[in-house]
Amino acid sequence: METFTALDFETAQGYRWSICQVGLVRVVDGTVVDKLSLLVQPPDNYYWRSFSKIHGIHRWDTQNSPTFDQVWPQIHPYIEGQTVVAHNSSFDFGCLEQTLSHYGMEMPTFSGHCTYRIYGKGLGPLCQELGIPLNHHDALSDAMACATLYLRCCINQVPASLTAIESTYGNV
């Protein structure tokens, strides 16, 4: 069975370094063993209204939240040296890379996979079609849906060539 971390970020602005919510789901041998949802104060706690309309997170929600560099030690073990899965991974892995760069931190090495590339559909329509519960744009709900999709792929034994993505983040 598969062991991996499903990951999702929400951002406060159009800049990928403006993470305001982290959702992580840890799956070990096909079983969810941990879930993590964290509100994160983006740089200067600045939000674009259009983004708050999408995910419902506002500056007052994160005004007392830790910044990403403060939560990174908690998140890092879920990513470093792990298989990490995201839906539209170029966005989420880009958020991670740009946010770590913003704080002067190194990008970890991991094996990245993308459920969007596997299924070829947006998360909302795909979950509706497959009957997977989703509160879209809540980072934990999106990560849980991604974990469910990846497990479904593994159980159905989709060829590995369809699940692996070329990644600048390295393979472990």
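Residues numbered from 1 in each chain as written. Predicted model: local features only at pLDDT ≥ 70, side-chain atom pairs only at ≥ 80, totals over all residues. Heavy atoms only, no water.

Peer 1: Mind showing me how you'd approach the pairing of strand 5 (residues 111-114) here?
Peer 2: Remember that side chains alternate between the two faces of the sheet whenever the strand is regular. Going residue by residue along strand 5, you find Ser-111 and His-113 tucked away on one face and Gly-112 and Cys-114 tucked away on the opposite face as well. Relative to strand 5, strand 4 (residues 83-86) is paired through four bridges, and the arrangement is parallel. Bridging from a neighbouring strand, Val-84 pairs with Gly-112 of strand 5. (Buried < 20%, exposed > 50% of the residue type's maximum accessible area, 1.4 Å probe, protein only. Helix = DSSP H or I, 4+ residues; strand = E, 2+ residues; numbered from the N terminus. Pairing = 2+ DSSP bridges.)

Peer 1: Looking at this model, I keep getting lost on the confidence of the model for the protein chain. Mind explaining?
Peer 2: Do not read the fine detail of predicted coordinates wherever pLDDT is low. Averaged over all residues, the pLDDT of the protein chain is 90; the fraction at 70 or higher stands at 90%. Contacts for the low-pLDDT stretch residues 157-172, under 50 throughout, to residues beyond four places or in other chains number 35 contacts. (pLDDT = per-residue confidence, 0-100. Contact = heavy atoms within 4.5 Å.)

Peer 1: I would appreciate a short explanation of helix 4 (residues 89-102) in the present structure.
Peer 2: Two residues of an α-helix separated by three or four positions point the same way, owing to the 3.6 residues in each turn. Taking 1.5 Å per residue, 14 residues should reach 20 Å; helix 4 reaches 19 Å between its end C-alpha atoms and fits that length. Among the residues making up helix 4, those that are buried are Ser-89, Asp-92, Phe-93, Gly-94, Cys-95, Leu-96, Thr-99 and Leu-100. Those residues of helix 4 that are buried are in contact with strand 1 (4-11), strand 2 (19-28), helix 3 (68-79), strand 4 and strand 5. Gly-104, located one to two residues past helix 4, shows a positive phi value of around 70 degrees. (Expected span 1.5 Å × (residues − 1).)

Peer 1: Any chance you could explain the nonpolar core here in plain terms?
Peer 2: Proteins that are soluble and globular tend to have nonpolar side chains buried together. Phe-9, Val-22, Phe-68, Ile-75, Ile-79 and Leu-96 are the most contacted members of the largest nonpolar core, which totals 21 residues. Among the elements of the structure, strand 1, strand 2, strand 3 (31-39), helix 3, strand 4 and helix 4 are those that each provide at least two residues to this core. The element best represented in this core is helix 3, accounting for six residues. Apart from residues lying up to four places away in sequence, Ile-79 is in contact with Trp-72, Val-84, Leu-96, Pro-108, Thr-109 and Phe-110. Val-85, Ile-118, Ala-147 and Leu-151 belong to the second-largest nonpolar core, a separate cluster that totals 12 residues. (Core = buried A, V, L, I, M, F, W, Y, C linked by side-chain atoms within 4.5 Å.)

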